[in-house]
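# Close look at the chain arrangement
For reference, the chains in residue letters:
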There are 2 protein chains.
Amino acid sequence: MTVANINDIATHTGLSNATISRYLNGKPYVSKEAQLAIDMAVRELGYRPNASARSLRSGRTGRVVMVLRDAYHPFYAALLAGACRAAASVGYDVLVQQNHAEGWHSDRLTQLVTTRGVDGVILTTDLDPWSEYQSALSGIPAVTCDQALSDQSLPGVFIEHYQSTIEGLSHLRERGARCIACVQAPPADPCSSSDIRSAAYHDFAAQNPDTQIELVSIEDDLVHSGYVMLDALVHRSTPVDAVFSGSDDVAAGLLIAARERGIAVPGQLRILGFDDQPIARTLEISTVRQPVRRMGERAFELVHSIIHGENRFGADRLRVPYRLMVRSTT
Amino acid sequence: MTVANINDIATHTGLSNATISRYLNGKPYVSKEAQLAIDMAVRELGYRPNASARSLRSGRTGRVVMVLRDAYHPFYAALLAGACRAAASVGYDVLVQQNHAEGWHSDRLTQLVTTRGVDGVILTTDLDPWSEYQSALSGIPAVTCDQALSDQSLPGVFIEHYQSTIEGLSHLRERGARCIACVQAPPADPCSSSDIRSAAYHDFAAQNPDTQIELVSIEDDLVHSGYVMLDALVHRSTPVDAVFSGSDDVAAGLLIAARERGIAVPGQLRILGFDDQPIARTLEISTVRQPVRRMGERAFELVHSIIHGENRFGADRLRVPYRLMVRSTT
DNA sequence: GTAATGTATGGAAAGGATTTCAGAGCAAGG
DNA sequence: CCTTGCTCTGAAATCCTTTCCATACATTAC
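Please read these numbers as outputs of a predicted model, since none were measured by experiment.

What follows covers the pairing of strand β1 (residues 63–68) of chain B. Residues in a regular strand project their side chains so that they alternate between the two faces of the sheet. Residue and element names in this part refer to chain B. Here β1 lies mainly inside the structure; 6 of its 6 residues are buried. Side chains of β1 alternate between two faces, with R63, V65 and V67 and V64, M66 and L68 buried alike. As defined by bridge partners, β1 adjoins strand β2 (residues 93–98) across 6 bridges and the pair is classed as parallel. By the bridge assignment for β2, V64 is matched with V94. Handedness of the crossover joining β1 and β2 through helix α5 (residues 74–89): right-handed. The pairing of β1 with strand β3 (residues 120–123) spans 4 bridges and is classified as parallel. Note on β3: the bridge partner recorded for M66 is I122.

Structure (structure tokens):
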């Protein structure tokens, strides 16, 4: 006998394993004496219930998976941190899958889900051939976080990308901008957040003929990407007088480059970021604040409540508030 | 019957579950015809082996846990990203626990390990009362990553903190520094990396009497922390002429603040970071490069090889190389 | 021709919990 | 006294695989 199991506790206390199980799971109908005996036996034999056996029988694993592009990206890292915090507080564990990393196969998620390795899924990014995952994900509680997927039927947490984008653009225009470069990652999915933003750019331009919108695509939204992008923006035939970046890091890179070139911010160039990462506060960059960590928490709470069949939020789609933070770059 | 199980495949093919299991696990002694029949039945019934049942019987979960302070911190995020990548390539999953987040209880890790919820553990940070975890972790493959714990017997990957710190200090001295502020998080553990660095500071000061070392403690190693720290460093009675920061983010904050104050870098103040995060490259900050992502990969590979009883690295403690990156701040 | 090996298979026993169901004991209500 | 209902308990079924062991047959070795 290498490790004590529930039957060892049963024989040691003279009770049956059913009673042990009831007590350890906090169910009623266990006498005071039985409880004490069990406590003592558990401590004495160092008994720990076997997680696999438990979840085999109960059908619950106490685990969820969060799918993200790259754990190193600050936006996803914040989502993950939030989800882990929320999960820990109710005894759940979070498992990570990076779908943009080398070594990722499209069926890793499917595998995990169909083998019942997790109780739920949090999607923070588009899954490329959505059809490939659809059937697997329809059999398990799954929520989206920030990204609106093709399948709009999935519940999820999100911010109003359309409204917040309009508000950001209006702010830049109020501050005198008439040629705004909008920087963001290439749209991956017809309903992704970047496409919602694109729609907002379009509508805004239509309603404000005096203001020009330039779309700029970017690969990695890192500080460096913004840093190397500045020259291209100001050395155009019609130089831009404002940049609305989908990422604070890119905005930071632009600001740093602008300072080095002696370009006045916000006099000559207005810069507006998105997210309100710590670097935006440090560099006094105006930005649209998203409570990213909280979005991760909410996403977990949502999937958790669905797992337990008690959606305490009432709504399937949770809106989290955004807020325009006006600082020194606009 | 809601979901097909292995016995359904058995009856459907006319074989026994033992044969199905053998084939699905790639073991020998399955005829060609049997293989085809199984393939067909699996596809037809949409059979997926149940992960819990499998790991209950086999004792393997295909999962490891990585313990880190905070997934949002870029250093830990990079470790995690590396570990996830390496894990994905061999079909393993990584589970995250943040031991500095709200909602973390000291027994969450113990619980996970003693209930056999994972096959292995990667520790990237000190566990505060180490004695509390020691017995649980002695029964499972566990490796450290970057941090040297009290229990030196654990295998792990690390960089030469002592050597690299000496090299950094020597570099600063060569560039004319005579009063160096060394910034780092407060030491948590007698064998942690910050304590190894402290020893290096001490030895360096002893061997170079003309150079003064000032230890500066910091709570969060974020850009903002460096930003607000600068004034205290230069407005001292004996102002420092160089800063060696344990984190690139802090170094970046210092550099940004210095530029705003009009302090010449590196003329008046030399700045040296640690890690070589993207921001260091962008801002041209000299730094000691650590291949952090690769450290995460190596840590996983190490624990994976121990799980399979075949430590292909030979050594228990893997050294990964560091490299001094001289840029424009020194 | 017999012994020894190797391949292909199935029956049945773990593996360790949860959960259902039935039953025993006891108090209260009629 | 009988019924009802509540608390406490245990036997046994169940969850789904992997793995041990036995068996049947075909081949090769001596």
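Now that the structure is up, let's keep going.
Our next topic: the relation of the copies chain B and chain A. Least-squares fitting of chain B to chain A yields an RMSD of 0.1 Å, with the transformation described by 0.1 Å of translation along the axis and a rotation of 180°. Such a turn and shift between the copies fits a two-fold axis. Nearest to the rotation axis, the C-alpha of B:L95 is located 2.1 Å from it, this being the minimum over chain B. When the interface residues of chain B are mapped onto chain A, 100% of them are again interface residues, pointing to one common binding face.

What follows concerns the packing of helix α10 (residues 223–234) of chain A against helix α11 (residues 248–261) of chain A. Residues and elements named next belong to chain A. Running from N to C, α10 and α11 cross one another at 50°; their axes reach a closest spacing of 6 Å. Taken together, the axes of α10 and α11 lie oblique to each other. Viewed along their axes, α10 and α11 form a crossing whose handedness is right-handed. Note on element contacts: α11 touches α10 through D249, V250, G253, L254, I256, A257, A258, E260 and R261, opposite V223, G226, Y227, M229, L230, D231 and L233. Within the contact of α10 with α11, the residues separate by chemical class into 10 nonpolar, 2 polar and 4 charged.

A separate point is the protein's contact with DNA strand D. Among the 28 residues in the neighbourhood of DNA strand D, the closest are listed as A:S16, A:R57, B:I6, B:K27 and B:Y47. Within 4 Å of the protein, the atoms of DNA strand D are drawn from sugar and phosphate moieties in a proportion of 61%. Here a phosphate oxygen of DNA strand D and a side-chain polar atom of B:K27 are 2.7 Å apart. Here a phosphate oxygen of DNA strand D sits 2.8 Å away from a polar atom, N or O, in the side chain of B:Y47.

Residue and element names in this part refer to chain A. For the structure on display, the rule yields 6 aromatic pairs over all chains. For the ring pair Y92 and F300, a centre distance of 5.7 Å and an interplane angle of 65° mean the geometry is edge-to-face. One end of the pair, Y92, is in the loop between α5 (74–88) and β2 (93–98); the other, F300, is in helix α13 (residues 292–307), with 208 residues separating them in the sequence. Residue placement shows R197 over the ring face of F274; its charged tip is 4.1 Å from the ring centre. Note that R317 overlies the ring of F158, its terminal NZ or CZ placed 5.2 Å from the centroid.

What follows concerns the interface of chain B and chain A. Across the boundary between the two partners, chain B contributes 52 residues, which contact 52 residues of chain A. Roughly 4400 Å² is buried in total at the junction of chain B and chain A, and carbon and sulfur atoms are behind 57% of that figure. Interface area lost by chain B to chain A is led by B:Y72, B:R108 and B:T282, which between them contribute 15%. Among the ionic pairs, A:R108 bridges to B:D93, the shortest N-O distance being 2.7 Å. Inspection of the region where chain B meets chain A yields 19 residue pairs in polar contact (both at pLDDT 80 or more). Elements with a contribution of two residues or more to the side of chain B that touches chain A: α4 (51–58), α5, β2, α6 (107–114), α10 (223–234), α11 (248–261) and α12 (278–282) of chain B. In terms of residue count, the dominant contributor to the side of chain B that touches chain A is α5(B) (9 residues). Residues of the side of chain B that touches chain A, tallied by class, amount to 26 nonpolar, 15 polar and 11 charged.

Below, the discussion takes up the protein's contact with DNA strand C. What surrounds DNA strand C is a group of 29 residues, the closest being A:N5, A:I6, A:S21, A:Y47 and B:S16. For DNA strand C, the fraction of protein-proximal atoms (within 4 Å) that sit in sugar or phosphate groups is 60%. The contact in question runs from a phosphate oxygen of DNA strand C to an N or O atom on the side chain of A:N25, over 3.0 Å.

On to the environment of A:T11, then. Relative to the elements of secondary structure, A:T11 occurs in helix α1 (residues 6–13). Expressed as a C-alpha distance, the spacing of A:T11 and A:S131, which sit 120 residues apart in the sequence, is 52 Å.

Under the definition given, this model contains 3 cavities of 30 Å³ or more. The calculated volume of the largest cavity comes to roughly 390 Å³. Taken together, 16 residues line the largest cavity, and the ones lying closest to its centre are A:P74, A:D249, B:P74, B:V223 and B:D249. Contributions of two or more residues to the lining of the largest cavity are made by α12 (278–282) of chain A together with α12 of chain B. Its residues placed into classes, the lining of the largest cavity shows 12 nonpolar, 2 polar and 2 charged.

Turning next to the domain arrangement of chain A. When cut into domains, chain A gives domain 1 (6–49), domain 2 (63–159 + 294–322) and domain 3 (161–289). Just the C-alpha atoms count here: the centres of domain 2 of chain A and domain 3 of chain A sit 28 Å apart.

The strand order across the open sheet built from 12 strands is β11(A)-β5(A)-β4(A)-β3(A)-β1(A)-β2(A)-β2(B)-β1(B)-β3(B)-β4(B)-β5(B)-β11(B), with neighbouring strands paired in mixed fashion. Both outer strands of the open sheet, β11 (317–319) of chain A together with β11 (317–319) of chain B, are each paired with one neighbouring strand and no more. Neighbouring strand axes in the sheet, compared pairwise and without regard to direction, differ in orientation by 25° on average. As paired strands, strand β5 (residues 156–158) of chain A and β11(A) are joined by 3 bridges and run parallel to one another. Bridge pairing in β11(A) links A:F158 to A:R319. The strands that helix α13 (residues 292–307) of chain B touches are β1, β3, β4 (142–145), β5 (156–158) and β11 of chain B; relative to β4(B), the one it contacts most, it runs at about 165°.

What counts and how
Residues numbered from 1 in each chain as written. Chains lettered and ligands numbered in written order. Predicted model: local features only at pLDDT ≥ 70, side-chain atom pairs only at ≥ 80, totals over all residues. Heavy atoms only, no water. Buried < 20%, exposed > 50% of the residue type's maximum accessible area, 1.4 Å probe, protein only. Helix = DSSP H or I, 4+ residues; strand = E, 2+ residues; numbered from the N terminus. Pairing = 2+ DSSP bridges. Right-handed = clockwise from strand over helix to strand, strands pointing away. Least-squares fit on C-alpha atoms with pLDDT ≥ 70 in both. Contact = heavy atoms within 4.5 Å. Axes fitted to C-alpha atoms, helices over the stretch in contact; angles between N-to-C directions. Parallel < 35°, antiparallel > 145°, perpendicular 65-115°, else oblique. Left-handed = near helix turned anticlockwise from the far one by under 90°. Nonpolar A, V, L, I, M, F, W, Y, C, P; charged D, E, K, R; others polar. Near = heavy atom within 4 Å. Polar contact = N/O pair within 3.5 Å; in protein donor to acceptor, adjacent residues only side chain to side chain. Phe/Tyr/Trp six-rings, centres within 6.5 Å; stacked < 30°, edge-to-face > 60°. Lys NZ or Arg CZ within 6 Å of the ring centre and 35° of its normal. Buried area = accessible area lost by both parts, 1.4 Å probe. Salt bridge = Lys/Arg side-chain N within 4 Å of Asp/Glu carboxyl O. 1 Å grid on protein atoms, 1.4 Å probe; cavity = no way out; pocket = protein on both sides within 12 Å on 5 of 7 lines; lining within 4 Å. Points joined across faces, edges and corners; volume = space filled by probe spheres on them. Domains from an automatic or database assignment.

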